[in-house]
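Tertiary structure, described
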Amino acid sequence: MDEMRKEIARRRTFAIISHPDAGKTTITEKLLLYGGAIHLAGTVKGRKASKHATSDWMEIEKQRGISVTSSAMQFEYEGFCINILDTPGHQDFSEDTYRTLCAADCAVMLIDGAKGVEAQTIKLFAVCRMRGIPIFTFVNKMDRASKPPFDLLDELEKVLGIHSSPVNWPIGTDGNFKGVYDRVNKQVQLFDQRSGHHGARKVGMHSLTPDSPELADLIGSHYQELLASDIELLDIAGNPFVEEDFLRGEITPVFFGSAITNFGVETFLKYFLELSPPPSPRRAGEEMIAPDSDFFSGFVFKIQANMNPDHRDRMAFIRICSGKYEKGLQVNLALSGKTLKLTQPQQFMAQDRSIVEEAYAGDIIGVFDPGVFRIGESMASGGKKIRYEGIPVFPPEHFARIYVKDSMKRKQFLTGIEQLALEGAVQLYKQPDIGTETYIAGVVGVLQFEVLEHRLKAEYNVSVTMSRLNYRLARWVRFKDKESVRELKDLTLTSTSMPVLDSRQAPVVLFESAWAVDWALERNPGLVFEEISD
Ligand code: G4P
């Protein structure tokens, strides 16, 4: 038991959120480099094959393969066991990222210093906010000209509504990067242009006090004076760092650095480990389940099928929330009611998978799925029935009717499409009184349609046609009380709104506009529409 507590206490599980191109792949590599997990950075992934060529199928396939090996990476650093959760950077896969955030205990928000807070960052930040998890901020690419750092803090405050407290402060943001001032130990760390090797090796640190004459010689008196006035302003007007506010996600410690040259990465990692929380209790219905409970429990946040084209495997990724996993552990599934043995769990390190002998709360394991898991499924050992909450299904914004081209292939079509829906690649709707040919697929990003078509062909040998529909919104149907409950077909809706059932047979209405949603709400007393379904 003590052994287990110790193991859990040294776990840190986090995800990196960022807009594409901010440097997520780069910083992930560098963190692994410092963790000694790889010796030369640049070897983590097939170096993210051109994410810009999104319509190139080979690339999407490649990206999918890559994202799998890096779904969860584990490394050891100074006695800590760190799990980094990663997701493909492409905007259209953001649902995946959202779910991943449910499995993380804190997040690192990565921002490009020249661009500031971008669209995708805003969306992902909103999810962190919803979960109330602590957020670190790393402002990247400081080796180049960036926005003025005070403006960046202002953006965090105004655009995201989070207070910020810089841990270090950049010197020379006009394209002449000199280094950072560490506000905690009051030392300047100089940036060495020659640290070179494209940051493939760790950098040494050279520190000086901000008022030393040697510093003026090295960076010039102009930058030294600027630094002195910045420090003064920060000390007077800046937000003090309050740990409780940070743990509630209300203030973010800000770090400036340059992932590509490794500059600031080690300092970040050091503070990250000091401040980030270990796994904490999670809500399951009325109960809070402590991570050091004497039973194993967890939930599925991601499913990926056909990872290996030679044999149809399906893998479910489980975030362990309590206890310890040991080989051959038997669990009860909360949603399906089934009992099963977790076989051959795997953990991922760079490009290698390895079989896990034991894992603890905070860790992610991938298990082969015999077809019983779905996203949001919870499980527990020791005959317990635990149901974790809040793995959201987000409302799609684009819809299309899908037809199978060759009616002889109907069976493969159904297997394929249901499989992909289980994986969360698309959401699938049926009109209640019409046959199964009329599936409607809903997606958050339009690229998912192309992925769907491609995967049905590549993995199930089924060709489909799709015709895009004008719906823009999907709302789950609920009723305020028993008296107002009605059948879907009895709802009063505009003629262009369509009642359907989702793949869990839950009632949903598809709408063309927000106006039609309001129209329906006005005419159906007791009706409630939900945007997000658990
Ligand atoms: P992503 O996963 O968030 O999409 O970003 P990624 O790490 O792939 O980085 C995007 C681009 O930004 C890459 O350039 C990368 O080299 C560059 N980059 C990352 N960190 C820094 C940094 O600290 N400073 C500077 N100046 N650039 C940085 P690319 O040209 O798209 O790719 P590559 O040719 O370097 O591989």
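Look up a bit, the structure's there.
**Considering the packing of helix 2 (residues 24-34) against helix 10 (residues 265-275)**
The description of two helices packed together rests on the angle between their axes and the distance between the axes. Running from N to C, helix 2 and helix 10 point in directions that differ by 75°, and their axes come no closer than 10 Å. Between helix 2 and helix 10, the angle falls in the class roughly perpendicular. Along its contact with helix 2, which presents Lys30, Leu31 and Tyr34, the element helix 10 presents Val265, Glu266, Phe268 and Leu269. Here the contact of helix 2 with helix 10 is built from residues that sort into 5 nonpolar, no polar and 2 charged.

**Concerning the pairing of strand 31 (residues 527-530)**
Burial along strand 31 is one-sided: Leu527 and Phe529 are buried, while Val528 and Glu530, pointing the other way, are not. Where strand 28 (residues 473-479) and strand 31 come together, 4 bridges link them in antiparallel fashion. Counterpart to Arg478 in the pairing with strand 31 is Val528.

**Observations regarding the nonpolar core**
Among the nonpolar cores identified, the biggest contains 81 residues, and Leu156, Tyr325, Leu342, Phe373 and Met379 are the most heavily contacted of them. Ranked by the residues each element gives to this core, the list is headed by strand 15 (residues 314-322), at 6 residues. Taken domain by domain, the makeup of this core includes at least three residues from each of domain 1 (2-275) and domain 2 (282-380). Among residues more than four places away in sequence, those in contact with Phe373 are Val300, Ile303, Arg314, Ala316, Leu333, Leu340, Leu342, Val367, Phe368, Met379 and Leu422. Within the second largest apolar cluster, 29 residues are counted, among which are Ile16, Phe268, Leu273 and Leu275.

**Quick notes on the state of the cysteines**
Summed over the entire model, instances satisfying the criterion amount to 0 disulfides. A disulfide-free cysteine, Cys102 has its sulfur positioned 9.8 Å from the sulfur of Cys128, the nearest such atom. Here Cys102 falls in the buried class, since its relative accessible area comes to 4%.

**Let's talk about the sheet that holds strand 28**
Pairing within the open sheet is antiparallel, and its 8 strands lie in the order 27-24-26-25-29-30-28-31. In this open sheet, the two edge strands, each paired with only one partner strand, are strand 27 (464-469) and strand 31. Between one strand axis and the next, the sheet turns by 40° as a mean value, whatever way the strands run. Contacting strand 28, strand 30 (507-511) and strand 31, helix 13 (residues 514-523) runs over the sheet at an angle of about 150° to strand 31.

**Some points on the packing of aromatic side chains**
All told, the structure shown has 20 aromatic pairs when counted by the stated rule. When the ring of Phe136 is compared with that of Phe268, the centres are 6.0 Å apart and the planes differ by 85°; the resulting orientation is edge-to-face. On the criterion of sequence distance, the pair formed by Phe136 in strand 5 (residues 135-140) and Phe268 in helix 10 is long-range, its members being 132 residues apart. Here Phe255 and Phe268 contribute two aromatic rings whose centre-to-centre distance is 5.0 Å and whose plane-to-plane angle is 90°, an arrangement assigned as edge-to-face. Linking Phe255 in strand 11 (residues 251-256) with Phe268 in helix 10, this pair joins segments that are 13 residues apart in sequence.

**Topic: the environment of Arg314**
In this structure, Arg314 sits in strand 15. Its relative accessible area of 7% is what places Arg314 among the buried residues. For Arg314 and Pro370, which are 56 residues apart along the polypeptide, the C-alpha to C-alpha distance reads 7.4 Å. Excluding its chain neighbours within four sequence positions, the residues that come into contact with Arg314 are Ile303, Gln304, Ala305, Val367, Phe368, Asp369, Gly371, Val372, Phe373, Gln419 and Leu422.

**Section: helix 6 (residues 149-160)**
With 12 residues, helix 6 should cover 16 Å at 1.5 Å per step; its first-to-last C-alpha distance of 16 Å lies within 8% of that length. Here helix 6 has its buried residues at Pro149, Leu152, Leu153, Glu155, Leu156 and Leu160. Around the axis of helix 6, the buried residues are gathered within 150° of arc, so they sit on the same side. Where helix 6 terminates, the next one or two residues include Gly161, which has phi positive at roughly 75°.

**Describing the pairing of strand 15**
Two faces belong to every sheet, and in a regular strand the side chains alternate between them. In terms of burial, strand 15 is a largely internal element, 9 of the 9 residues being buried. Strand direction decides the pairing type here: strand 14 (residues 297-305) and strand 15, joined by 8 bridges, are antiparallel. Bridge pairing links Val300 to Ile318 in strand 15. Two strands pair when backbone bridges link them, and strand 15 and strand 22 (residues 364-368) are joined in this way by 5 bridges, in the antiparallel orientation. Residue pairing in the sheet places Arg319 in a bridge with Ile364 of strand 22.

**Digging into the sheet that holds strand 10 (residues 207-208)**
The sheet built from 4 strands is open, its strands ordered 7-8-9-10 with antiparallel pairing. Each end of this open sheet is capped by a strand with a single partner; those strands are strand 7 (168-171) and strand 10. Running at roughly 150° to strand 7, helix 8 (residues 221-237) makes contact with strand 7, strand 8 (179-182) and strand 9 (187-190) of the sheet.

**Topic: the environment of Asp294**
Inspection of the secondary structure puts Asp294 in the loop between strand 13 (287-289) and strand 14. With 28 residues separating them along the chain, Asp294 and Ser322 place their C-alpha atoms 7.8 Å apart.

**So, unusual backbone geometry**
Positive phi values are uncommon outside glycine, yet Lys141 reaches one of about 65°. As for its placement among the helices and strands, Lys141 is situated in the loop between strand 5 and helix 6. Despite not being glycine, Asn461 shows a phi value in the positive range, around 55°. For Asn461, a relative accessible area of 43% corresponds to the partly exposed category.

**A word on the pattern of salt bridges**
Across all of its chains, the model carries 21 salt bridges by this definition. The salt bridge partner of Asp105 is Arg282, with a shortest N-O separation of 3.4 Å. Linking Asp105 in the loop between helix 4 (94-103) and strand 4 (106-112) with Arg282 in strand 12 (residues 282-284), this pair joins segments that are 177 residues apart in sequence. Per residue, the accessibility class of Asp105 equals that of Arg282, and both read buried. One salt bridge connects Asp490 with Lys489, and the closest N-O pair in it is separated by 3.9 Å. Since its relative accessible area comes to 40%, Asp490 is described here as partly exposed.

Cut-offs applied
Residues numbered from 1 in each chain as written. Predicted model: local features only at pLDDT ≥ 70, side-chain atom pairs only at ≥ 80, totals over all residues. Heavy atoms only, no water. Axes fitted to C-alpha atoms, helices over the stretch in contact; angles between N-to-C directions. Helix = DSSP H or I, 4+ residues; strand = E, 2+ residues; numbered from the N terminus. Parallel < 35°, antiparallel > 145°, perpendicular 65-115°, else oblique. Contact = heavy atoms within 4.5 Å. Nonpolar A, V, L, I, M, F, W, Y, C, P; charged D, E, K, R; others polar. Buried < 20%, exposed > 50% of the residue type's maximum accessible area, 1.4 Å probe, protein only. Pairing = 2+ DSSP bridges. Core = buried A, V, L, I, M, F, W, Y, C linked by side-chain atoms within 4.5 Å. Domains from an automatic or database assignment. Disulfide = S-S within 2.5 Å. Phe/Tyr/Trp six-rings, centres within 6.5 Å; stacked < 30°, edge-to-face > 60°. Expected span 1.5 Å × (residues − 1). Arc of directions from axis to C-beta. Salt bridge = Lys/Arg side-chain N within 4 Å of Asp/Glu carboxyl O.

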